[in-house]
Amino acid sequence: MDTAAVLFISIPVVVVVSVALIRAASRSHDPIPTLAASPHPDLARTSAALSPVVRRSSLPASGAVPALPAPNTRIRPAVGLTGTGLACFAVTWFFGGLLGVYLSTRAAYVSQTGDWFPGESTIDLAQPNVMALTLVMASFTIAWSVFAIARDDRLNTYLSLAITMLLGVAYINQAFYLLNKTGLALNVGDGGAHPAAVLLYVVGVSHIALLAAALIFALIVMIRALGGDYSSHDREGVLSSALFFHVTVAIYMVIWYAVYITK
Amino acid sequence: MTEAAPAPSNDETDDSLPQAVTGLAEVLGTGRHRALGQLYVGFALVFLVTIALLSLFLGIERFDTASFGLFDDAEMFEQVFSLTRAGLVFLVILPLTLGLAFVVLPLQIGARTIAFPRAAAASFWGWLVSSGIFIAAYAVNGGPVGGRSDGIELWLLSLMAIVVSLLLGTISAVTTVLTMRTKGMSLDRAPLFAWSMVVGGTVWLASLAVLLANLLVAYVGFRYNSNLVPDGSIWSQVSWAFGQPQVFAYAVPALGIVASVAPTFSGTRLRPHWVGVAAIGLFGVLGFGAYAQNFFSSSNFQDEFLFVADGLLVALPVLAILGLCIDTMRRGRPQLSEPAMIFSLGGLLLILAGSVVAGLQVIWPLEASLAEATDDGWNLGYAIADGQANFVLLGALMVLLGGLYYWEPNMSGRLLGRPLGLVASGLFLLGTLFLALPDVISGFLDQPALPVQLPNLDGGAEAMNAVALVGPVLLVLGALVVLFDVLFNGAASVGAKAGNDPWNGQTLEWSISSPAPPGNFAELPTVRSETPLFDGEPATDESEEA
């Protein structure tokens, strides 16, 4: 992938995500009642309390106080969900950077030597496909938990989160197996590790770490749910956990195509 | 033996109630946004003095490029250079920005605290410990071109930890602005510093995450001796984070600070507000520099259209903010004798100079482009690139120091010394000019970025190096003055009491007592414009009673 391609992908993503964040931050909500115009006597400001310079510049010649626009009747999104969204944003860029290095190095290597993986090393497609299927199922189960908590169905919430974690652990097991099965090694003595091995391990293990973080997040949510937290009126934690998990799955799908399918 | 019944307890002295944590335990465990901001600012200033001293050593060494005086060899020169460049960004500018943001943002947007206070605390302590390890890595001959492999790995790991810590703090700051604004304060009504933190923070989250990926690949490649990371190439793989256009990303909040300070000290509002919002947003987009690196490119990224267009356009948003400030001062009564004003406007002019030099670098007929320079590992680009980075980074630093003089009442309730501030602002302004301008000139004289072991260097470039030595001297003095001022007048509370609103401010941080009481606002205010105090709005607040 050359620089122009990376640019065309990365810059619009920055703009689109930024706009999405801003729009999310300005989401409509119930109108806010107007406060009575009776400020605290010590601290509230009136035009008379401002300096002469300020008053001259802020008031029209007639001396009448100009009408101010009505207060904005919008409310902010949830703190936890927004923070999780920003973390997902950074994580996406992190993997974008890793894949950029991977793809550009692979392209340069293939153009020079003809092969990317050294010797007999290869990636059998069956394993990444099963891993993708596992994560897709996990994505459905964590969406099930959001659906369940929205209906105050606690039993299904616990069940879906537990199945999600089970599938996640299965994915981690499969991912380590895949890395072993490729035949690539990092610690190969004096010759040094092959770039393909370095990059495959960095991408693969980074994603395993990301999924582990998503599972820990889901586990915390489940423990809190077992403790009585969350309901149809307060499901931010479950939503945040699900968002993080979905992003983790989406990133794997990109890795699956860019690293394992196209090889 | 009878047991006496316990005496009835007074509510105020009941031992069963949790006692307030004080002393060192309070500092170590605090999640209060003001305390965390003060800690960030304080340590960033200490690092600033250190970095300025190292810049002085570099200047002395560069005085005669044919031989080595202070340093043993070229590698040591390069090590110190990398420490000053990475240190200025990750130990000074970004922490100082986050420190100010932690203190000011909740007050500006009418919030009682910062979002994720524990994450903010983890951000500060993680950054502080990692920064100590980062410097220690140099001490054990680590660093990007060090001679000890363990030290190089330690350098990479500590830099990763610093980046992660700063990203954590960024998430906390940006989430605060996005989610905790008071009633009536839509994003387009948010103070421009708060908006600039949203824009700058978003760009940091994207670009520094890519830097983190680069560092991770470099670490694994180096550790396992892969030819993916040849010896001595680590700095060239990560140097995009300290060059054009990424340096502009670190200066985004500086534009917001200038747009907050100038109207206050002019006694009128900045208008139209949306131009400031748009200019800061455009500056953030143009400051995204993660694409301008060698890892992603088989060809030279300086050839790319976006890089050239970026260099040519980046001066526009800076000019827009400068124009707004000039218009504001024209309509009001500017107090140009205030240190905050001089720091801010001086810094903005330096950033503008940096953005103009960025344009010069991408105009091919001038032959000042990075692509034309020597590229044998370390000597990346002409000295003009250094001059450009120094203009932008030190300009941003000056604006941040202006913000410090402006918002110090919110931190300590004291005013920093005006004479000391005036002296420091002059020293910083002249020091940056002396440091950066000669580099820009000697860049046209074909001086490489790291002019060591080059006995055939042009005589004009040698003269420029001699002039450039004055810059670090002035910067060291300026940094010492600021540190003394903050410690003496601010932290030690020797300075004059600020009162609740010493500047006739226009935004909510000046509607409550200085420093703000715990919880900031007893009752959250409602705002109807971007300058609620200037418009005489009924900002409800009972914090003093609370």
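Below or above, wherever it landed, is the structure these notes cover. Values in this document were obtained by computation on a predicted structure and should not be read as measured data.

Right, let's talk about the overall build of chain A for a bit. Within chain A, the secondary structure is distributed over seven helices and zero strands. Counted from the first residue to the last, chain A has its helices and strands arranged as α-α-α-α-α-α-α. Counting only residues that meet the buried cut, chain A has 45% of its 263 residues in that class. Expressed as a percentage of contacts within chain A between residues at least 6 apart in sequence, the contacts between residues at least 24 apart total 79%.

Bringing the environment of B:Leu430 into the picture now. Within the element layout of this structure, B:Leu430 appears in helix α15 (residues 418-444). For B:Leu430 and B:Gly471, which are 41 residues apart along the polypeptide, the C-alpha to C-alpha distance reads 7.1 Å.

Here we come to a nonpolar patch on the surface. Among the surface-exposed residues, B:Leu282, B:Leu312, B:Leu313, B:Leu316, B:Leu319 and B:Ile363 lie close enough to one another that they form a single nonpolar patch of about 500 Å² accessible area. Positionally, B:Leu312 belongs in helix α11 (residues 305-313).

Residue and element names in this part refer to chain A. Inspection of the secondary structure assignment puts Val249 in helix α7 (residues 236-261). Sequence spacing of Val249 and Gly96 is 153 residues, and the spatial spacing of their C-alpha atoms is 14 Å. Once you skip the residues sitting within four places of it in the chain, Val249 turns out to touch Leu135 and Ser139.

Residues and elements named next belong to chain B. At a minimum axis separation of 7 Å, α15 and helix α17 (residues 470-491) run at an interaxial angle of 155°. It follows from the interaxial angle that α15 and α17 lie roughly antiparallel. Here α15 runs over α17; the crossing is left-handed. Looking at the contact of α15 with α17 residue by residue, the class counts come to 16 nonpolar, six polar and one charged.

With that settled, consider the nonpolar core. Residues and elements named next belong to chain B. Residues Phe90, Trp155, Tyr250, Leu397, Phe428 and Val482 are the most contacted members of the largest nonpolar core, which totals 245 residues. If one sorts the elements of this core by residue count, helix α6 (residues 192-223) sits on top with 24 residues. Those residues in contact with Tyr250, other than ones at most four positions away along the chain, are Val89, Phe90, Ile93, Leu94, Trp204, Leu208, Ala241, Leu393 and Ala396.

Residue and element names in this part refer to chain B. With 17 residues, helix α12 (residues 315-331) extends 24 Å between its outermost C-alpha atoms, agreeing within 8% with the 24 Å of an ideal straight helix rising 1.5 Å per residue. All of the buried residues in α12 are Ala315, Pro317, Val318, Ile321, Leu322, Leu324, Cys325, Thr328 and Met329. Buried residues along α12 sit in contact with α9 (252-264), α10 (273-287), α11 and α13 (339-361).

What follows concerns the pattern of salt bridges. Summed over the entire model, instances satisfying the criterion amount to seven salt bridges over all chains. A:Asp229 is paired through a salt bridge with A:Arg224; the nearest N and O atoms lie 2.9 Å apart. Put simply, B:Asp327 and B:Arg331 hold a salt bridge, and the shortest N to O gap is 3.1 Å. Taken as a pair, B:Asp327 and B:Arg331 lie in helix α12 at a separation of four residues, close to a single helical turn.

Okay, empty space enclosed by the protein next. All names here are of chain B. One pass over the structure, following the stated rule, counts five cavities of 30 Å³ or more. Size it by volume and the largest cavity reaches roughly 330 Å³. Around the largest cavity sit 26 residues that line it, and Ser55, Leu58, Thr84, Asn390 and Leu435 are the ones nearest its centre. Looking at the lining of the largest cavity, the elements that each hand over two or more residues are α2 (33-63), α3 (74-108), α14 (383-412), α15, α16 (459-468) and α17. No other element matches the seven residues that α2 contributes to the lining of the largest cavity. Looking at side-chain class alone, the lining of the largest cavity contains 17 nonpolar, five polar and four charged residues. In this structure, the second largest cavity is lined by 14 residues; those nearest its centre are Ala259, Ser260, Gln506, Thr507 and Thr531. Of the residues assigned to the lining of the second largest cavity, the class counts are six nonpolar, seven polar and one charged.

Residues and elements named next belong to chain B. Viewed as axis vectors pointing N to C, α13 and α15 meet at an angle of 10°, and their least axial separation amounts to 9 Å. Here α13 lies roughly parallel to α15, going by the angle between them. In contact with Pro339, Ile342, Phe343, Gly346, Leu350, Val357 and Leu360 of α13, α15 contributes Arg418, Gly421, Leu422, Ala424, Ser425, Phe428, Leu429, Thr432, Leu433, Val440 and Phe444. Taken together, the residues of the contact of α13 with α15 sort by class into 13 nonpolar, four polar and one charged.

Applying the stated criterion to the full structure yields 30 aromatic pairs over all chains. Consider the rings of B:Phe90 and B:Phe242, whose centres lie 5.8 Å apart with planes at 85°: the pair is edge-to-face. Within this pair, whereas B:Phe90 is found in helix α3, its partner B:Phe242 is found in the loop between α7 (234-238) and α8 (247-250), the two being separated by 152 residues in sequence. An identical accessibility class is assigned to B:Phe90 and B:Phe242; each is buried. When the ring of B:Phe248 is compared with that of B:Phe283, the centres are 5.7 Å apart and the planes differ by 75°; the resulting orientation is edge-to-face. Of this pair, B:Phe248 sits in helix α8 while B:Phe283 sits in helix α10; the two residues are 35 residues apart in sequence, bridging distant segments of the chain. Note on accessibility: B:Phe248 and B:Phe283 belong to one class, buried. Taken together through their ring pairs, the aromatic side chains of B:Tyr40, B:Phe43, B:Phe47, B:Phe102, B:Phe124, B:Trp125 and B:Trp127 make up a single cluster. Sitting over the ring of A:Phe147, A:Arg151 keeps its end group 3.7 Å from the ring centre.

Conventions we followed
- Residues numbered from 1 in each chain as written.
- Chains lettered and ligands numbered in written order.
- Predicted model: local features only at pLDDT ≥ 70, side-chain atom pairs only at ≥ 80, totals over all residues.
- Heavy atoms only, no water.
- Helix = DSSP H or I, 4+ residues; strand = E, 2+ residues; numbered from the N terminus.
- Buried < 20%, exposed > 50% of the residue type's maximum accessible area, 1.4 Å probe, protein only.
- Contact = heavy atoms within 4.5 Å.
- Patch = residues over 30% accessible without salt bridge, like charges linked within 9 Å, V, L, I, M, F, W, Y side chains within 5 Å.
- Areas by Shrake-Rupley, 256 points an atom, 1.4 Å probe, with all protein chains shown as cover.
- Salt bridge = Lys/Arg side-chain N within 4 Å of Asp/Glu carboxyl O.
- Axes fitted to C-alpha atoms, helices over the stretch in contact; angles between N-to-C directions.
- Parallel < 35°, antiparallel > 145°, perpendicular 65-115°, else oblique.
- Left-handed = near helix turned anticlockwise from the far one by under 90°.
- Nonpolar A, V, L, I, M, F, W, Y, C, P; charged D, E, K, R; others polar.
- Core = buried A, V, L, I, M, F, W, Y, C linked by side-chain atoms within 4.5 Å.
- Expected span 1.5 Å × (residues − 1).
- 1 Å grid on protein atoms, 1.4 Å probe; cavity = no way out; pocket = protein on both sides within 12 Å on 5 of 7 lines; lining within 4 Å.
- Points joined across faces, edges and corners; volume = space filled by probe spheres on them.
- Phe/Tyr/Trp six-rings, centres within 6.5 Å; stacked < 30°, edge-to-face > 60°.
- Lys NZ or Arg CZ within 6 Å of the ring centre and 35° of its normal.

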